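Okay, here's what each chain looks like letter by letter:
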Amino acid sequence: MPDGVLFPDSGPPFWFFLLGAGPLLLLGAVWVFVGAILVMKGDDVDKPNRVAQLYGYTVCLIALIVSLVSLSSILGAVFERANPLQSEGGFGTVLTSFESYKATYRREQQMFDRGGATRPDTASDVTLRQRYDALVANQISSTRYRTSKALTTSVMFLLIALGLFVAHWRWVRRINGTGQAAA
């Protein structure tokens, strides 16, 4: 019986997901533990509410992380938009220039014909140029759509994260009493 027939490979093993989720679970456990300690400790009239501070600072930290991820995505989309023919690496024909396209097109045809007799390439340069132009237009169009989508969602996440950060930072400062002196 061939490998993978009885138990087909269904993706990465479970421990692989635990490596990624482990630090998040640990951070969540620490947050719950610290919050429980602060709730059990009680709140004096003179001391600010520690649970509210913990919540406020946590939201600020998460908003900061989301902002950094959004900025990274925005930069990636800007670079992809600036160079749409180089945005997708990988296999297939290269579209950076017509000469590169011809070379990789012929190489690709030879790879597909390796099982049978190799047939000569009868496509003229005019036909290859038309195919190249169509593929370039398609690549530019795909890259524009993909980068527009990425820019829109990343900018929206960035604005929401910045709004949450500013609102919660001001709120925490007001709870601490330091916002009254600055305001």
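Just so you know, these numbers come straight off a predicted model, no measurement behind them.

1. A look at the overall build of the protein chain
Reasoning step 1: Of the regular secondary structure elements, the protein chain holds 5 helices and 0 strands.
Reasoning step 2: Start at the N end of the protein chain and walk to the C end: the helices and strands fall as α-α-α-α-α.
Reasoning step 3: Per-residue burial over the protein chain gives 19% buried out of 183 residues.
Reasoning step 4: Contacts in the protein chain between residues far apart in sequence, at least 24 positions, make up 68% of those at least 6 positions apart.
Reasoning step 5: Surface accessibility of the protein chain: about 13,800 Å² in total, with carbon and sulfur atoms responsible for 67%.

2. Some words on helix α4 (residues 125–176)
Reasoning step 1: For α4, with 52 residues, the first-to-last C-alpha span of 73 Å sits near the 76 Å given by 1.5 Å per residue.
Reasoning step 2: Among all positions in α4, only L128, Y132, V136, Q139, T143, T147, S154, L158, A161, H168 and V172 are buried.
Reasoning step 3: In the stretch just after α4, G177 is the one whose phi turns positive, near 90 degrees.

3. Regarding the nonpolar core
Here is a general trend for soluble globular proteins: nonpolar side chains tend to be buried in one another's company.
Reasoning step 1: Core analysis: the biggest nonpolar cluster contains 7 residues, these being L95, F98, Y101, Y105, L128, Y132 and V136.
Reasoning step 2: Secondary structure elements with two or more residues in this core: α3 (98–112) and α4.
Reasoning step 3: Other than its neighbours up to four places away in sequence, V136 contacts L85 and L95.

Rules used in this analysis
Residues numbered from 1 in each chain as written. Predicted model: local features only at pLDDT ≥ 70, side-chain atom pairs only at ≥ 80, totals over all residues. Heavy atoms only, no water. Helix = DSSP H or I, 4+ residues; strand = E, 2+ residues; numbered from the N terminus. Buried < 20%, exposed > 50% of the residue type's maximum accessible area, 1.4 Å probe, protein only. Contact = heavy atoms within 4.5 Å. Areas by Shrake-Rupley, 256 points an atom, 1.4 Å probe, with all protein chains shown as cover. Expected span 1.5 Å × (residues − 1). Core = buried A, V, L, I, M, F, W, Y, C linked by side-chain atoms within 4.5 Å.

Nothing here speaks to function; it is all geometry.
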